[in-house]
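Spelled out from the first residue to the last, the chains are:
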Amino acid sequence: MYSFMGGGLFCAGVGNILLIVSTATDYWMQYRQSNNYMHQGLWRYCMPGRCFTHNDSFAHLDATRAFMILSLLACFIGIIIGIMAFIHYSSFDRFDKTFAAGILFFISCFLVFLAMAVYTGVTINYYGKRFGNWRFSWSYIIGWVSVVLTFFSGIFYMCAYRMHECPRSSNPH
């Protein structure tokens, strides 16, 4: 049980760090325009030597930002509850902290998946037609890695919950 929780905490911790880095950095997409390489993130777009905030409110960027921030919060709260389950913190005895942490990690996974899906769909349909020479960049890729890590942290915590709730019988058959 503790190995599953340890693995879940490790995946969630790394996933949360990657969520922070992915959300905060400006390399979600790179493209070439007028012989200059430019890149953009959720908060700013950058031209050679200068970066500017997104002045216009793009619905897909707002939705992606909101889902990423909510995912960060769910993952962070899941880590706190997961640590409390790991050290057998005794307050809130009426609910299982292992199960709650697993559910929060799955919620975080779902929210970051939604963020990545919204960004991917709009980027391919809008920028794919507007710019010929563009690509997704490392901040975007880190976002997808965090989807996988938060999913596995949820799996690990659900396995720990099942081991705790359904111990093996000691019948010698």
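Residues numbered from 1 in each chain as written. Predicted model: local features only at pLDDT ≥ 70, side-chain atom pairs only at ≥ 80, totals over all residues. Heavy atoms only, no water.

Remarks on the UniProt feature "transmembrane region" (unreviewed entry) in the protein chain
Residues annotated in UniProt with the feature "transmembrane region" (unreviewed entry) correspond here to residues 7-29, 66-87, 99-118 and 138-160. Counted over residues 7-29, helix gives 78% and strand 4%. Its end C-alpha atoms are 32 Å apart. Between the end C-alpha atoms of residues 99-118 the distance is 29 Å, and the span holds 100% helix and 0% strand. (UniProt positions renumbered as here; feature names shortened; annotations may be inferred. Helix = DSSP H or I, 4+ residues; strand = E, 2+ residues; numbered from the N terminus.)

Overview of helix H3 (residues 97-130)
Owing to its 3.6 residues per turn, the α-helix aligns residues three or four sequence positions apart on the same side. The end-to-end C-alpha distance of H3 is 48 Å, a good match for the 50 Å that 34 residues give at a rise of 1.5 Å each. Considering bend angle alone, the principal kink of H3 is centred on Thr123 and spans about 35°. Sitting at the head of H3, Asp96 places a side-chain oxygen 2.9 Å from the backbone nitrogen of Thr98. (Expected span 1.5 Å × (residues − 1). Bend = angle between axes of the 7 residues up to and from the residue. Polar contact = N/O pair within 3.5 Å; in protein donor to acceptor, adjacent residues only side chain to side chain.)

Comments concerning the pattern of salt bridges
Once the charged atoms of two side chains with opposite charge are near each other, the side chains can pair. Overall, the coordinates contain 2 salt bridges when judged by the stated rule. Arg44 is the partner of Asp26 in a salt bridge, and the nearest nitrogen-oxygen pair spans 2.5 Å. Of the two residues, Asp26 sits in the loop between helix H1 (2-24) and strand E1 (29-33) while Arg44 sits in strand E3 (residues 44-47), which places them 18 residues apart along the sequence. A relative accessible area of 7% places Asp26 in the buried class. In this structure, Asp62 engages Arg65 in a salt bridge whose closest nitrogen and oxygen atoms are separated by 2.8 Å. Of this pair, Asp62 and Arg65 both sit in helix H2 (residues 59-86), separated by 3 residues, roughly a single helical turn. The buried category is assigned to Arg65, whose relative accessible area is 14%. (Salt bridge = Lys/Arg side-chain N within 4 Å of Asp/Glu carboxyl O. Buried < 20%, exposed > 50% of the residue type's maximum accessible area, 1.4 Å probe, protein only.)

Some details on a nonpolar patch on the surface
A grouping of Trp43, Ile69, Leu70, Leu73, Phe76, Ile77 and Ile80 is seen on the molecular surface, where their side chains present a nonpolar patch of about 630 Å² in accessible area. Its location among the elements puts Ile77 in helix H2. (Patch = residues over 30% accessible without salt bridge, like charges linked within 9 Å, V, L, I, M, F, W, Y side chains within 5 Å. Areas by Shrake-Rupley, 256 points an atom, 1.4 Å probe, with all protein chains shown as cover.)

Some points on H1
Its 23 residues give H1 an end-to-end C-alpha distance of 33 Å, which sits within 8% of 33 Å, the value for a rise of 1.5 Å per residue. Considered for burial, the residues of H1 that qualify are Met5, Gly8, Leu9, Cys11, Ala12, Gly15, Asn16, Leu18, Leu19, Ser22 and Thr23.

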